[in-house]
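# Notes for the structure review
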Amino acid sequence: MMFDNTVYNDFVEKVAASSDILKVIASYVPLKKRGHNYWGCCPFHRENTPSFSVVPDEGFFYCFGCHKGGNVFKFLSLIENISYGNAIKLQAERLNIPIPHKKQSEADLKRETELNSLYQLHDMAQTFFHNCLTKTNYGKAGLIYLKNRGIDNAVIEKFHLGFAPPGWDKLSTAFIKRGISESLLLKIGLIGKKKSGGYYDRFRERVIIPIKDEKSRTVGFGGRVIGAEEPKYLNSPETLLFNKRQLLFGLNEAKRAIREQDYAIIVEGYMDAISLSSHGINNVVASLGTAFTAEQCKKITRYSPNIYFCYDSDSAGQTATIRALSIARAHNANARVIHIPDGKDPDEFIRKHDPAAFKKLIANSLNFIDFHLHYIMQTTDCTTLEGKVKAVSFILPILASVDNLVESNGYIIKISQELGINETDIRNELQKYRHSKNRFEPAAAVSGRQFANKTDDAATKAERYVINKIWHEPGLLDYVLAAVPAEEFHDTTHRTILLFMDNQIKQNHIMNNVTASENLSDEAYAELSRCIVEQKNDAESNLLDDYLKSIHLSFLKKSYLKHSLKADELERKGDDRFQQELIEIQRIRKEMDGAN
């Protein structure tokens, strides 16, 4: 789908010019003025001290806690969980600005028609299954099954639950009579193809759970047997609409509660999610099996960075929890584990007890390290020497990931008490583990990295200042690049921003928060927001030359380190070229002395 570029650009500029970022954000976040900026608690992560800042006259916001930033459209896309383009349209609608008509290519029209037909067919199937459950004799067995699991009519309606009738062709016969082709039914997995020829209904004599996307569009189905048949659960196959890696069951219903309560509970299956929801636990979604994916993690953290895993207490569920925790941690989510006692799943527990008992489990949830310690104590005989060695080997990589010294010390004490091992022995093993991770690194590389890190903060601050200065005074760009070429900026994101500004200025293109959002990656755009917001609140005003000098000196120090390591390596190999490196080192040293 395409807009005419000129018409679309004029439309976006009009919406941007008519938008008051302070007014828009203040409708979601309480803000207080402090200095040039307005501050509040970030709506995108949990915090008690405000780190979320808005600069109205610049049109930017930035959070110094979770590092999200951008213009008014970026804020709306994040807070409403919609695309950037849809955020522009949403703001236009709020401002009563007409949205220009789209020009669609033939391929776009064909794809849109196909998707609409697939969505409509899923809706028809949902209605078929729902009516079968609630309005026919076929559904009586399904209603009895659901009632026995504590699922009443209100929950049936909320999740549009249904029932697939017995027999091999009830759905296919009904749909073909209505003009739906067998090829289309096959394409979305409602029927299967027999080896002997002909077709059969995929779902038969099962409770049917429609699986919806975030926009509440039905994209697939799950079927649960009501007897002892196998498989117990049967999902739609992968289709144009249905991709298990991308979907979280119940997110369309739970997203508001997740945002309000600032955490999501993730269970294995849709019946667990439905059961918890029927008992008033509304911030729950299901990962459609035990394989929690990176895509699902990214999707859930748009609503809250806090994830509570509540998988089954059996061995498979606990193994899956460990995998899920590593994925959540890799994506900077704050992960905890709700432990269900007695080997139960969430559905069994809440039906046996009550919502208050489940909320107590939430309150007693385990953090990343505590869960791993609990897991190793439950799965290993720690009374034996072999068991103690295995437990320590398992927990060391987890313990090594803790950066806070006080926290690390507390866990060492706890592990010592739990396993009956001397604290000193655990500290020694931890030190050996950390050392082993770096044992193949030359000492010069380690010390050099520490040396380089000391310069990073100063260089980063200097680069942000320079970017801010060019943003407000584009005429300074040539002066800056003559003093410090773009490749001397140590931060690759800053180099990207600098090259974007260089291109905009040289092409005589507009450089503002809208064009920046269109041309920069999310990471670079957020960093540009920080450069603007941070420096707006900075008292320093006329230090350009000092900061350029700081950037150049940082570059020289890194060059010095690089050539020193190369000289060492060449000399160890007996390569005479190390002398050339020494000459270059002396040249850099001389330039560094002159720059200081």
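Only a predicted model underlies this, so the values are computations on that prediction, with no experimental measurement involved. (Residues numbered from 1 in each chain as written. Predicted model: local features only at pLDDT ≥ 70, side-chain atom pairs only at ≥ 80, totals over all residues. Heavy atoms only, no water.)

### A closer look at unusual backbone geometry
Cis geometry marks the peptide bond from E230 to P231, where omega comes out at -5°. As for its position among the elements, P231 is in the loop between β10 (218-225) and β11 (233-235). Phi at H160 takes a positive value of approximately 55°, unusual for a residue other than glycine. Residue placement: H160 occurs in the loop between α7 (153-158) and β6 (162-164). Although it is not a glycine, D262 sits at a positive phi angle of roughly 60°. Along the chain, the position of D262 falls in the loop between α10 (251-261) and β12 (264-267). Here D262 falls in the buried class, since its relative accessible area comes to 14%. (Helix = DSSP H or I, 4+ residues; strand = E, 2+ residues; numbered from the N terminus. Buried < 20%, exposed > 50% of the residue type's maximum accessible area, 1.4 Å probe, protein only.)

### A look at the sheet that holds strand β15 (residues 334-337)
Overall, mixed pairing links the 5 strands, which are arranged β13-β12-β14-β15-β16 in an open sheet. Every other strand in the sheet has two partners, leaving β13 (284-286) and β16 (366-367) as the edge strands with one partner each. In the sheet, β15 pairs with β16 via 2 bridges, with the strands oriented antiparallel. Each bridged residue has a counterpart across the sheet, and for R336 the counterpart in β16 is N367. Each of β14 (306-309) and β15 is contacted by helix α13 (residues 315-330), which is oriented at about 165° to β15, the strand it contacts most. (Pairing = 2+ DSSP bridges. Contact = heavy atoms within 4.5 Å. Axes fitted to C-alpha atoms, helices over the stretch in contact; angles between N-to-C directions.)

### Some points on the side chain of N252
One can find N252 in helix α10. By relative accessible area, N252 is classed as buried at 13%. Within the structure, the side chain of N252 is placed 3.2 Å from the side chain of S216, a separation counted as a polar contact. Apart from the residues lying within four places of it in its own chain, the contact partners of N252 are K212, D213, E214 and S216. (Polar contact = N/O pair within 3.5 Å; in protein donor to acceptor, adjacent residues only side chain to side chain.)

### Looking at the packing of helix α5 (residues 106-135) against helix α8 (residues 170-177)
The geometry of a pair of packed helices is captured by two quantities: the angle between their axes and the separation between those axes. Contact geometry of α5 with α8 gives a least axis separation of 12 Å together with a crossing angle of 125°. When the axis of α5 is compared with that of α8, the two are oblique. For the pair α5 and α8, the crossing hand works out as right-handed. In this structure, α5 contributes L121, M124, A125, F128 and F129 to the contact, and α8 contributes K170, L171, A174 and F175. For the contact of α5 with α8, a count of residues per class yields 8 nonpolar, no polar and 1 charged. (Parallel < 35°, antiparallel > 145°, perpendicular 65-115°, else oblique. Left-handed = near helix turned anticlockwise from the far one by under 90°. Nonpolar A, V, L, I, M, F, W, Y, C, P; charged D, E, K, R; others polar.)

### Some points on the sheet that holds strand β5 (residues 69-70)
Strand order in this open sheet of 5 strands is β1-β2-β3-β4-β5, and the pairing throughout is antiparallel. If you trace the sheet from one side to the other, it starts and ends with β1 (32-34) and β5, each paired once. Across 4 bridges, the pairing between strand β3 (residues 52-55) and strand β4 (residues 60-63) is antiparallel. Opposite F52, over in β4, you have C63 as the bridge partner. The strands touched by helix α3 (residues 72-79) are β3, β4 and β5; relative to β4, the strand with the most contacts, the crossing angle is about 45°.

### Details of the pattern of salt bridges
Scanning all chains against the criterion turns up 22 salt bridges. For R351, the salt bridge goes to D347, with nearest N and O atoms at 3.0 Å. Of this pair, R351 and D347 both sit in helix α14 (residues 346-352), 4 residues apart, which is roughly one turn of the helix. By relative accessible area, R351 is classed as partly exposed at 37%. Accessibility expressed as a relative area gives 1% for D347, which makes it buried. Notably, a salt bridge pairs R464 with E527, separated by 2.6 Å at the nearest N-O pair. Taken as a pair, R464 in helix α20 (residues 443-472) and E527 in helix α24 (residues 522-536) lie far apart in primary sequence, 63 residues in all. Taking relative accessible area as the criterion, E527 reaches 11% and is therefore assigned buried. When salt bridges with common partners are traced through the structure, they connect R464, E527, R530 and E534 into a single cluster. (Salt bridge = Lys/Arg side-chain N within 4 Å of Asp/Glu carboxyl O.)

### Points about the side chain of S365
Secondary-structure assignment places S365 in the loop between α15 (355-363) and β16. At 3.0 Å, the side chain of S365 forms a polar contact with the backbone oxygen of I362.

### With respect to the state of the cysteines
Enumeration over the complete set of coordinates arrives at 0 disulfides. Of the cysteine sulfurs around C41, a residue in no disulfide, the closest is that of C42, at 8.8 Å. (Disulfide = S-S within 2.5 Å.)

### Considering the pairing of β12
When a strand is regular, its side chains alternate between the sheet's two faces. Both faces of β12 are covered, namely the face carrying A264 and I266 and the face carrying I265 and V267. Pairing between β12 and β14: 3 bridges, direction parallel. Bridge pairing in β14 places A264 opposite I307. As judged from the 3 bridges shared by β12 and β13, these two strands associate in the parallel manner.

### Things to note about the nonpolar core
Counting residues in hydrophobic clusters, the biggest one holds 57 residues, and the most contacted among them are F129, L146, L161, F249, I265, I274 and F358. It is α5 that contributes the most residues to this core, 8 residues altogether. Excluding its chain neighbours within four sequence positions, the residues that come into contact with F358 are I265, L276, I281, C310, I340, P346, F349 and I350. (Core = buried A, V, L, I, M, F, W, Y, C linked by side-chain atoms within 4.5 Å.)

### Here we look at the confidence of the model for the protein
Note that predicted coordinates carrying low pLDDT should not be read in detail. With 93% of its residues at a pLDDT of 70 or more, the protein shows a mean pLDDT of 88. Segment residues 439-456 is flagged for pLDDT under 50; beyond a separation of four residues in sequence, or across chains, it makes 12 contacts in the model. (pLDDT = per-residue confidence, 0-100.)

### Observations regarding the packing of aromatic side chains
The final tally for this structure, using the stated rule, is 28 aromatic pairs. Centre to centre, the rings of F203 and F221 are 6.5 Å apart; their planes meet at 70°, and the pair counts as edge-to-face. Residue F203 is located in the loop between β8 (199-201) and β9 (206-212), and its partner F221 is located in strand β10; the two are separated by 18 residues in the primary sequence. Note on accessibility: F203 and F221 belong to one class, buried. Residues Y375 and F394 carry aromatic rings whose centres are separated by 5.9 Å and whose planes lie at 35° to one another, so their mutual orientation is tilted. Here Y375 is found in helix α16 (residues 368-379), whereas its partner F394 is found in helix α17 (residues 385-400), with 19 residues between them in sequence. For Y375, a relative accessible area of 17% gives the class buried. Note on F394: relative accessible area 25%, which makes it partly exposed. An aromatic cluster of three or more residues is present, and its members are Y28, F44, F52, F61 and F75. The ring of W168 carries the charged tip of R204 above its face, separated from the ring centre by 3.9 Å. (Phe/Tyr/Trp six-rings, centres within 6.5 Å; stacked < 30°, edge-to-face > 60°. Lys NZ or Arg CZ within 6 Å of the ring centre and 35° of its normal.)

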